[in-house]
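Residues per chain are reported as follows:
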Amino acid sequence: MKKITIDPITRLEGHGKIEIFLNNEGEVGNVYFQVPELRGFEKFCEGRPVEELSSIVTKICGVCPGCHHMASGKAIDAVFGIEPTPTAKKIRELFYMAHFVHSHIAHFYALAAPDFVVGPTADPAKRNILGVIEAVGLKVGSEVIKQRRIAQEIQALIGGHQTHVIMNTPGGVKKGITEEERDDIVKKAEGFVEFGKYSMQLFKDVVLGNKLYLDLIMNGPYSLALHSMGLVDDNNHVNFYDGKVRVVDTNGNELYKYPAPEYRDYVEERVEPWSYLKFPYLKKIGWHGFIDGQSSGVYQATPLSRLNAAEGMATPAAQKEYQFMYKTLGGKPVHATMVMHWARLVELIYSAERCLELARDPDITGKELRAPVTGIVGEGVGVVEAQRGTLTHHYWTDDKGIVTKVNLIVGTTNNHAAICMSLKKAAQGLIKKDTPVTEGTLNMIEMAFRAYDPCFSCATHSLPGEMKMVVCVRDSRGNILSTVKRG
Amino acid sequence: MASDSKIAKPKLKLAVYWASSCGGCCVSVLDTHEKLLDIVAAADPVFWPIAMDIKYHDVEAMEDQSIDLTLFNGAVRNSENRHMARVLRDKSKILVAYGACAGMGGIPGLANFFTKEDLFRRVYDDSESTVNPDRIRPMPVSEVPEGTLEIPGFFNRVYALDQVVEVDYYIPGCPPQSERLIEVFTAVVTGANLPPKGSVVGAGEKTNCEDCLRIKSENKKVSRFYRPWEIQEDKKSCFLEQGIICMGPATRSGCGVRCVAGNSPCRGCYGPPSTTDDAGARMMAAISSMIDSDQPETIDEAVSTIADPGGLFYRFSLPASILEKP
């Protein structure tokens, strides 16, 4: 069988490799998406005092350290059997909303928009953030950079360190928010809400207003019927910081709704010899291979899955957009992978509105920052929605709070099987027998994984630079039969 | 040489590579914000996987010594990391160990308290959510129905960059502060006198305590140490004087003492100060001098109240520490 290798895939966070096998007819036989790295946090966190973990696990990812810090903070609270004070809980969530605003802005404008605003098969030299700015104008471009920077400033202010946040302590936070700081955050959050609405309008004008793109989104080789996972609040509205995990099936019916500590009754992971990353699936359905459909155990945990798994948004403007999206697309659930971009913008508006709501909350400047530790339970689970999927941290300790075991299911890991399947589907739909593989084809295959905003794709792809890629078509001995270059 | 500045210099060629890392070092390069445009004006990035799409074989095809400056971040955890370290050493005039992982092994270096088998067993066999009755492990080479798949081989331990290739300079931090990077970069671009090879650049020479704004008293002694949740710290005086372990005395200055400003004790990501090359040894000395006794038993008793001293003192530097020296 011929093999096409893309190594490393670039412009993303971390390492990855795609292997496309062509059969004797020259059609796509199978696609493997491999993660070539492991660091083993689960093991080397053992022996550490549990309160240290929240500042160790941020180093899992320098792009979404806030997610790990929050999941860890919650797991540590549970190990001590305490709830953070109301003020501390709100400060944590306020930080977290700024983390979402920052990440979702960066992903939409720097990563997703080049494919739509500039075009999926446009000149690759233009298909980047600069091309987007050229198309929408410098004024908008400057606003993008400004809003992202402001979101980062809020994170640095509350989080204590510009990258590896250190704010959480058992039962609360280390630092409060002053009245002046609050006034400043309110103004900034008002700007986020406006910018979120503007971004949605841009998406509607540029993407939905273009028949070609709409067709690509709805009918392109980008749909997988998989179950959807996401955190919901008591009203089954999307929540990033807290709630129960809800899973709906491919028809949108509730399969499970469970408290985070029970995750092991619902999710299992399998190991494949060709990747260091594991493959989670729904335990009660079981693993039936890399297949989609109602009988498959594979699920997705993405912005679109969160919207599918919920019954609405908790803030007004986001709720309006939520309803409009599903009405436009003919109801719930939606399985078109490219709609993840749309869902991400609904979430951007929600995080902006929630950020403003929390900044205005009277409790946010409260002085009760930490609940006292009174004992050690010795086991705790912390779950949040990371931008890239449901994130689970589970710690066990001895009676002194020294870690004895750690189990982690990280955001993007949830989607490992789904990403493999999306890449295969896109490759099968786009690589045709006797038709040359063009640069545009390659980009449209990559659009399949870009939609997931996988954590090895990062919020910082904003550098000018063309997308260069080399694909080698090899025979089974590894001899190169043909090479496609772009960039 | 004074006329040099008047001659238009060719643009520098710059590479940024991540090995076993979290991406935070690459983010710190991007967090130079507007200054990044100055960097790109003075240097052409020729290899930078987070931001651009040059592949491994493109780098392998470059002439030796053709890259002026390489910022190598991340530890060396597997065969691919080591291969790229060797390739980039050959291709680069100046190779910088950028950040705590490349410089000292960093947080991933905590894995050196364990073996590769310990890690694999935990992740792939014993993990509470993992079902793996056949004890499948990721393999460097595996056969699938369609052909052969390869992934890098996982080493038994983590190495700092200078344990696999020669390093010219070190820029410490987890991640390095972006302003420090700009200073070093400006020095390279302008051809300013660079310190001798092997130097730490982009950081101070003294300890973090010298920059710390918390109130220190003279000769304050402690009789035991506390974990942060065991007491209510006062948010203004020296952590150590309150009995909370802070790595300030064993850590090089340069970060701006940000964590302490966030009411969090230092954990030593900038590595040991210039007067020592082992953070743990320096920390033990600092702690001994603080304990309110000269009786060995009392000192031992006070030290025994420190939870996980190995993991704390060598939080970022285990692979480069005296514990790892044969």
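Bear in mind that the values here come from a model prediction, so they are computed numbers and not experimental data.

1. Quick notes on the interface of chain B and chain A
Piece 1. Contacts between the two partners involve 82 residues from chain B, matched on the other side by 86 residues from chain A.
Piece 2. Where chain B touches chain A, the interface holds five salt bridges.
Piece 3. Remark: the boundary between chain B and chain A carries 30 residue pairs in polar contact (both at pLDDT 80 or more).
Piece 4. Taken together, the residues of the side of chain B that touches chain A break down into 44 nonpolar, 21 polar and 17 charged.

2. Remarks on the sheet that holds strand β6 (residues 227-232) of chain A
To summarise the sheet geometry, strands pair through backbone hydrogen bonds and adopt either a parallel or an antiparallel arrangement.
Residues and elements named next belong to chain A.
Piece 1. One open sheet accounts for four strands, arranged β8-β7-β6-β11; its pairing is mixed. This sheet does not close on itself; its edge strands, each paired only once, are β8 (254-258) and β11 (299-300).
Piece 2. Sheet analysis places strand β7 (residues 244-248) next to β8, joined by four bridges and oriented antiparallel. The residue bridging valine 245 from the neighbouring strand is tyrosine 258, located in β8.

3. A word on the domain arrangement of chain B
Reports often express the size of an interface as the amount of accessible area lost when the parts come together.
Residues and elements named next belong to chain B.
Piece 1. Domain annotation for chain B reports domain 1 (2-107 + 156-200), domain 2 (113-155) and domain 3 (208-320).
Piece 2. Each of domain 1 and domain 3 has a C-alpha centre, and these two points are 31 Å apart.
Piece 3. With 17 residues of domain 1 at the contact, the number on the domain 3 side is 15 residues.
Piece 4. Across the contact surface, domain 1 and domain 3 share one salt bridge.
Piece 5. Glutamate 179 is paired through a salt bridge with arginine 258; the nearest N and O atoms lie 3.5 Å apart.
Piece 6. Our count for the domain 1 to domain 3 interface comes out at seven residue pairs in polar contact (both at pLDDT 80 or more).
Piece 7. Looking at the side of domain 1 that touches domain 3, the elements that each hand over two or more residues are α5 (100-104), β8 (154-159) and α7 (178-190).
Piece 8. Counted by class, the side of domain 1 that touches domain 3 contains nine nonpolar, five polar and three charged residues.

4. Here's the deal with helix α3 (residues 65-80) of chain A
All names here are of chain A.
Piece 1. Taking 1.5 Å per residue as the helical rise, α3 with its 16 residues ought to reach 22 Å, and the 23 Å between its terminal C-alpha atoms agrees with that figure.
Piece 2. Counting buried residues in α3 gives 15 out of 16 residues, a clear majority hidden from the surface.
Piece 3. Just downstream of α3, glycine 81 is the residue with a positive phi angle, here 65°.

5. Focus: unusual backbone geometry
Residues apart from glycine generally show negative phi values, whereas peptide bonds are mostly found in trans.
Piece 1. Between Lys332(A) and Pro333(A) the backbone carries a cis peptide bond, its omega angle lying at -15°.
Piece 2. Here Pro333(A) shows up in the loop between α10 (316-328) and α11 (339-360).
Piece 3. Note the cis peptide between Cys174(B) and Pro175(B), where omega equals -10°.
Piece 4. Structurally, the position occupied by Pro175(B) is in the loop between β9 (169-171) and α7.
Piece 5. The phi dihedral of Arg135(B) is positive, around 50°, even though this residue is not glycine.
Piece 6. As for its position among the elements, Arg135(B) is in the loop between α6 (116-126) and β6 (141-144).
Piece 7. Take Arg135(B): its relative accessible area is 52%, and that puts it in the exposed class.

6. Overview of the packing of helix α7 (residues 179-208) of chain A against α11(A)
Residue and element names in this part refer to chain A.
Piece 1. Running from N to C, α7 and α11 point in directions that differ by 165°, and their axes come no closer than 8 Å. It follows that α7 is roughly antiparallel to α11 by the angle criterion. Between α7 and α11 the crossing geometry is left-handed.
Piece 2. Per-class residue counts for the contact of α7 with α11 are 17 nonpolar, three polar and five charged.

7. Side note on the sheet that holds strand β10 (residues 199-200) of chain B
Residue and element names in this part refer to chain B.
Piece 1. Taken together, the six strands give an open sheet; going across it, the order is β2-β1-β3-β5-β9-β10, and neighbouring strands pair in parallel fashion. This sheet does not close on itself; its edge strands, each paired only once, are β2 (43-47) and β10.
Piece 2. Across three bridges, the pairing between strand β5 (residues 92-98) and β9 is parallel. Its bridge partner being in β9, tyrosine 98 is matched across the sheet by isoleucine 171.

8. Focus on the packing of aromatic side chains
The description of an aromatic ring pair rests on the distance of the ring centres and on the angle between the ring planes.
Piece 1. Throughout the structure, instances matching the rule amount to 30 aromatic pairs over all chains.
Piece 2. When the ring of Trp287(A) is compared with that of Phe290(A), the centres are 5.0 Å apart and the planes differ by 90°; the resulting orientation is edge-to-face.
Piece 3. Accessibility expressed as a relative area gives 31% for Phe290(A), which makes it partly exposed.
Piece 4. Here the aromatic residues Phe21(A), Tyr32(A), Trp274(A), Phe279(A), Tyr281(A), Trp287(A) and Phe290(A) are joined through ring pairs into a cluster of three or more.
Piece 5. Its end group placed over the ring of Tyr241(A), Lys74(A) keeps NZ or CZ at 4.7 Å from the ring centre.
Piece 6. Directly above the ring of Phe239(B) sits Arg214(B), whose terminal nitrogen or CZ lies 4.1 Å from the centroid.

Analysis parameters
Residues numbered from 1 in each chain as written. Chains lettered and ligands numbered in written order. Predicted model: local features only at pLDDT ≥ 70, side-chain atom pairs only at ≥ 80, totals over all residues. Heavy atoms only, no water. Contact = heavy atoms within 4.5 Å. Salt bridge = Lys/Arg side-chain N within 4 Å of Asp/Glu carboxyl O. Polar contact = N/O pair within 3.5 Å; in protein donor to acceptor, adjacent residues only side chain to side chain. Nonpolar A, V, L, I, M, F, W, Y, C, P; charged D, E, K, R; others polar. Pairing = 2+ DSSP bridges. Helix = DSSP H or I, 4+ residues; strand = E, 2+ residues; numbered from the N terminus. Domains from an automatic or database assignment. Expected span 1.5 Å × (residues − 1). Buried < 20%, exposed > 50% of the residue type's maximum accessible area, 1.4 Å probe, protein only. Axes fitted to C-alpha atoms, helices over the stretch in contact; angles between N-to-C directions. Parallel < 35°, antiparallel > 145°, perpendicular 65-115°, else oblique. Left-handed = near helix turned anticlockwise from the far one by under 90°. Phe/Tyr/Trp six-rings, centres within 6.5 Å; stacked < 30°, edge-to-face > 60°. Lys NZ or Arg CZ within 6 Å of the ring centre and 35° of its normal.

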